[in-house]
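Here is what each chain is made of, one letter per residue.
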Amino acid sequence: MAVKNTFRFFVEPATLRNDLVRLEDPALAHQLSRVLRLNPGDQILLLDGLGTAYTLELTALSRKEVVGHILAHEPATGEPDLHLTIYLPLMRAERFEWALQKCVELGASRFVPVLCARSLASERADERKHERWQRIVREAAEQSCRGLLPAIERPQTFASACAQVNQASLALLLAEFDGMPLLRTLLRTYLTTTGNPNLTSLALFSGPEGGLTPDELTTAVDHGIMPVSLGPRILRAETAPVAATAALLYELDNRSAVA
Ligand code: SAM
């Protein structure tokens, strides 16, 4: 069993095919030797992002390359048994990135950025932004000891995102409007009435700073996405999905309950 506080890094699966591992990665080499002050003989954990963790003993560290040999490999730990997809509304960059990072730490498995009617137009994403988001996801997954690397898709419009979720067993929309059922109430009713005690896949939508439009609420409901309330207080656009992710994983992730 890998030591919990072993430094871990996600790498391409192809680099882990042989016991001798050579990583041509100046940024990683710098982080290991200069930042973490590691030396040959020290051990790190390499994750292939597909569910396996490899214990690597370092044998050489240069400015550009990390060399080591694999001592052991085992199933990667750190994953919840609920596959949660978060349809995260595009919002002001630093808020979007904060919510993305926190939901990775909490255990979300997949992200779809959503361009809502009231998303700030300047937040339309481009390739450079998508690469930045992938880096934020990878660093948060490494820091929080995740076993799998969450995926972040290209942005979708709200309507196309809603059309995606039909295969999810349960899809929720955080709606701050009056008269919406509490998340807790809806979950417990769903779990008892549908005879589906072990929910394994869930989709979560929420709105941007300006909120969702009535049309977006209607579109979601038309696709079987159930609006739920987190209570009487109005949370910021970046707070709501994080709070809901924490509540959902607390309530539904049986693996954490065991740990
Ligand atoms: N209508 C809000 C207002 O009056 O300030 C603006 C939207 S709120 C800042 C951003 C999003 O967070 C909402 O669209 C909703 O998805 C979610 N949200 C905030 N508070 C919530 C609550 N109490 N229950 C459910 N969703 C909430």
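Residues numbered from 1 in each chain as written. Predicted model: local features only at pLDDT ≥ 70, side-chain atom pairs only at ≥ 80, totals over all residues. Heavy atoms only, no water.

For the protein, an unreviewed UniProt entry supplies the name Ribosomal RNA small subunit methyltransferase E and the organism Candidatus Chloroploca asiatica. Under Sequence similarities (unreviewed entry), UniProt gives the following word-for-word description of the protein: "Belongs to the RNA methyltransferase RsmE family." (UniProt positions renumbered as here; feature names shortened; annotations may be inferred.)

*Asks:* Would you mind showing me how to read the domain arrangement of the protein here?
*Replies:* For the protein, the domain assignment lists domain 1 (8-75) and domain 2 (83-252). Averaged C-alpha coordinates put domain 1 and domain 2 at centres separated by 33 Å. Listed by partner, the interface residues are seven residues for domain 1 and eight residues for domain 2. Between domain 1 and domain 2 lies a buried interface of about 640 Å² when both sides are counted; carbon and sulfur atoms form 62% of it. On the domain 1 side of the contact with domain 2, Arg 8, Phe 10 and Gly 49 bury the most area, a combined 80% of that side's loss. Applying the counting rule to domain 1 against domain 2 returns three residue pairs in polar contact (both at pLDDT 80 or more). The element best represented in the side of domain 1 that touches domain 2 is strand 1 (residues 8-10), accounting for three residues. In terms of residue class, the side of domain 1 that touches domain 2 is built from four nonpolar, two polar and one charged. (Domains from an automatic or database assignment. Contact = heavy atoms within 4.5 Å. Buried area = accessible area lost by both parts, 1.4 Å probe. Polar contact = N/O pair within 3.5 Å; in protein donor to acceptor, adjacent residues only side chain to side chain. Helix = DSSP H or I, 4+ residues; strand = E, 2+ residues; numbered from the N terminus. Nonpolar A, V, L, I, M, F, W, Y, C, P; charged D, E, K, R; others polar.)

*Asks:* I keep staring at the pairing of strand 10 (residues 170-174) and nothing clicks. Help me out?
*Replies:* Along any regular strand, the residues point their side chains to alternate faces of the sheet. Extensive coverage of strand 10 is indicated by the burial of five of its five residues. With burial as the criterion, each face of strand 10 is covered, one bearing Leu 170, Leu 172 and Leu 174 and the other bearing Ala 171 and Leu 173. With three bridges connecting them, strand 10 and strand 12 (residues 226-228) associate as parallel partners. Residue pairing across strands places Leu 173 opposite Pro 227, the latter belonging to strand 12. (Buried < 20%, exposed > 50% of the residue type's maximum accessible area, 1.4 Å probe, protein only. Pairing = 2+ DSSP bridges.)

*Asks:* Can you help me understand the packing of aromatic side chains in this one?
*Replies:* For the coordinates displayed, the defined rule picks out three aromatic pairs. Judged by centre distance (4.3 Å) and plane angle (0 degrees), the rings of Tyr 87 and Phe 205 are stacked. Of this pair, Tyr 87 sits in strand 6 (residues 83-89) while Phe 205 sits in strand 11 (residues 201-205), and the two are 118 residues apart along the sequence. Residue Tyr 87 is classed as buried on the basis of its relative accessible area of 2%. When the ring of Phe 158 is compared with that of Phe 205, the centres are 5.7 Å apart and the planes differ by 70 degrees; the resulting orientation is edge-to-face. With Phe 158 in helix 4 (residues 158-164) and Phe 205 in strand 11, the pair connects residues that are 47 residues apart, well separated along the chain. One exposure class covers both Phe 158 and Phe 205, and it is buried. A network of ring pairs unites the aromatic residues Tyr 87, Phe 158 and Phe 205 as a single cluster. (Phe/Tyr/Trp six-rings, centres within 6.5 Å; stacked < 30°, edge-to-face > 60°.)

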